[in-house]
Amino acid sequence: MKELVEIIAKALVDNPDEVVVTETEKNKALIVELKVAPSDMGKVIGKQGRIAKSIRAVVTAAASKTDKKVIVEIV
């Protein structure tokens, strides 16, 4: 999941070198944290959070093969 979020985020931002994705596991849930440059935050979130929701939907669909819940947090 980490690689998927990283590929999507790098395609959206102006500074792909500043994209940092970390992955932690807690209680059968996989938490993926996405950190981008402050100037790129709006591009990752989108108007009314539409892009962020889309990223979460893609990751959730990809995670449906496993029995783990995936949570994407944008920091």
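Residues numbered from 1 in each chain as written. Predicted model: local features only at pLDDT ≥ 70, side-chain atom pairs only at ≥ 80, totals over all residues. Heavy atoms only, no water.

**Q** Report on the overall build of the protein, specifying residues and quantitative values.
**A** The secondary structure content of the protein amounts to three helices and three strands. Secondary structure of the protein in N-to-C order comes out as α-β-β-α-α-β. On C-alpha atoms alone, the protein measures out to a radius of gyration of 12 Å, which is about the 11 Å that the 2.2 N^0.38 rule sets for 75 residues. Viewed in the frame of its principal axes, the protein has a C-alpha envelope of about 35 × 20 × 15 Å. The burial tally for the protein puts 29% of its 75 residues in the buried class. Across the protein, contacts joining residues at least 24 apart in sequence account for 51% of those joining residues at least 6 apart. A total accessible area of about 4,900 Å² is found for the protein, and carbon and sulfur atoms account for 54% of it. Considering the protein, the positive charge centre built from 13 side chains and the negative charge centre built from 11 side chains are found 7 Å apart. (Helix = DSSP H or I, 4+ residues; strand = E, 2+ residues; numbered from the N terminus. Rg over C-alpha atoms; globule rule 2.2 N^0.38 Å. Buried < 20%, exposed > 50% of the residue type's maximum accessible area, 1.4 Å probe, protein only. Contact = heavy atoms within 4.5 Å. Areas by Shrake-Rupley, 256 points an atom, 1.4 Å probe, with all protein chains shown as cover. Lys, Arg positive; Asp, Glu negative; His and termini not counted. Charge placed at Lys NZ, Arg CZ, Asp CG, Glu CD.)

**Q** Quick rundown of the packing of helix α1 (residues 2-12) against helix α3 (residues 50-63)? Include the residues and the values.
**A** Taken N-terminus to C-terminus, the directions of α1 and α3 make an angle of 155 degrees; their axes are 10 Å apart at the nearest point. Put simply, α1 runs roughly antiparallel to α3. Here the hand of the crossing between α1 and α3 comes out right-handed. Facing Leu4, Val5, Ile8 and Leu12 of α1, the residues of α3 in contact are Ile51, Ile55, Val58, Val59 and Ala62. Considered class by class, the residues forming the contact of α1 with α3 number nine nonpolar, no polar and no charged. (Axes fitted to C-alpha atoms, helices over the stretch in contact; angles between N-to-C directions. Parallel < 35°, antiparallel > 145°, perpendicular 65-115°, else oblique. Left-handed = near helix turned anticlockwise from the far one by under 90°. Nonpolar A, V, L, I, M, F, W, Y, C, P; charged D, E, K, R; others polar.)

**Q** Describe in detail the pattern of salt bridges, supporting the description with residues and values.
**A** Should their charged atoms come close, side chains of opposite charge can pair. Per the counting criterion, the structure on display carries three salt bridges. Linking Glu6 and Lys10 is a salt bridge whose minimum nitrogen-to-oxygen distance equals 3.3 Å. Placement of the pair is Glu6 and Lys10 together in helix α1, with a separation of four residues, close to one helical turn. For Glu6, a relative accessible area of 23% puts it in the partly exposed group. Its salt-bridge partner being Lys43, residue Asp14 comes within 2.1 Å of it at the nearest N-O pair. Of this pair, Asp14 sits in the loop between α1 and β1 (20-26) while Lys43 sits in helix α2 (residues 41-45), and the two are 29 residues apart along the sequence. (Salt bridge = Lys/Arg side-chain N within 4 Å of Asp/Glu carboxyl O.)

**Q** Can you tell me about the nonpolar core, naming the residues and giving the values?
**A** Among the nonpolar cores identified, the biggest contains 15 residues, and Val19, Leu34 and Val70 are the most heavily contacted of them. With residues near it in sequence (within four places) discarded, Val19 still touches Ala9, Lys10, Val13, Leu34, Lys35 and Val36. (Core = buried A, V, L, I, M, F, W, Y, C linked by side-chain atoms within 4.5 Å.)

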